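Structural description and commentary
Listed below, chain by chain, are the residues.
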Amino acid sequence: MTSTSPHPQFPASSAGPAARGHRLGWLGVAGLVAFVLATLASIVLLFLPVYSTVTTTANGVQTEDTATLWAVNGPWILVPLAFPVLLTAAIALARGRGGLMVSILCTILLAGYTVLALASIGMFYIPALAVSVVAVLGRAIRAGSRP
């Protein structure tokens, strides 16, 4: 019986995840970092007071007030805040050639979302987008260099 395992007593199928090509290299870490950055941006946006109003009475007294995205928009705001988190999660979890295509598609969608939302919340997702681009480009280069 022949085995590709470095240990003669263990067949390759039981050699563990590293022997089967499932190691988490720097590209996997980059995908995880993008996910963490997108998650942090969404949490900050959820609790950061991003709305500000100034009210002036007839007597000339000004009152300033701030509000969060949750206070103004309600639970619906979780949908646009969850979208970049889900995209970066897909990038972090994608593996193999099919995973490369999923990562490319998710990075393009994240870039479009960031550009469309740039005037409001999009700027918070630029770091996650930059790390996602690095992760996807690295995966594409690595996949292209394989025989």
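On a predicted model such as this, the values are computed, not experimentally measured, just so you know. (Residues numbered from 1 in each chain as written. Predicted model: local features only at pLDDT ≥ 70, side-chain atom pairs only at ≥ 80, totals over all residues. Heavy atoms only, no water.)

**Examining the layout of surface pockets**
Roughly 180 Å³ of internal volume is contained in the second largest pocket. Of all the secondary structure elements, the ones that give two or more residues to the lining of the second largest pocket are strand 1 (49-56) and helix 2 (69-73). Across the lining of the second largest pocket, the residue classes tally to 10 nonpolar, 2 polar and no charged. (1 Å grid on protein atoms, 1.4 Å probe; cavity = no way out; pocket = protein on both sides within 12 Å on 5 of 7 lines; lining within 4 Å. Points joined across faces, edges and corners; volume = space filled by probe spheres on them. Helix = DSSP H or I, 4+ residues; strand = E, 2+ residues; numbered from the N terminus. Nonpolar A, V, L, I, M, F, W, Y, C, P; charged D, E, K, R; others polar.)

**Here's the deal with the environment of L109**
Structurally, L109 can be placed in helix 4 (residues 96-116). Judged by its relative accessible area of 39%, L109 is partly exposed. Counting along the chain gives 26 residues from L109 to F83, while the straight-line C-alpha distance between them is 9.7 Å. (Buried < 20%, exposed > 50% of the residue type's maximum accessible area, 1.4 Å probe, protein only.)

**Quick look at helix 4**
Taking 1.5 Å of rise per residue, 21 residues should cover 30 Å, and helix 4 covers 30 Å from first to last C-alpha, within 8% of that figure. Those residues of helix 4 not exposed but buried are G99, L100, S103, C106, T107, L110, Y113 and T114. When helix 4 is viewed along its axis, its buried side chains cluster within an angular range of 150° and face the same direction. For helix 4, the exposed residues set more than 90 degrees away from the buried face come down to R97, M101, L105, I108, V115 and L116. (Expected span 1.5 Å × (residues − 1). Arc of directions from axis to C-beta.)

**Regarding the pairing of strand 1**
Examined bridge by bridge, strand 1 and strand 2 (residues 62-68) share 7 bridges and lie antiparallel to one another. Directly across from T53, in strand 2, lies its bridge partner D65. Here strand 1 hands over to strand 2 after 5 residues, with G60 in that stretch at a positive phi of 90°. (Pairing = 2+ DSSP bridges.)

**Looking at the packing of aromatic side chains**
We describe a pair of aromatic rings using the distance from one ring centre to the other and the angle between the two ring planes. On inspection of all chains with the given rule, the structure shows 2 aromatic pairs. Taking the centre distance of 6.1 Å and the plane angle of 70° together, the rings of Y113 and Y125 count as edge-to-face. In this pair, Y113 is assigned in helix 4 and Y125 in the loop between helix 4 and helix 5 (126-145), connecting sequence segments 12 residues apart. An aromatic cluster of three or more residues is present, and its members are F83, Y113 and Y125. (Phe/Tyr/Trp six-rings, centres within 6.5 Å; stacked < 30°, edge-to-face > 60°.)

Function-wise, these values are silent; they only describe arrangement.
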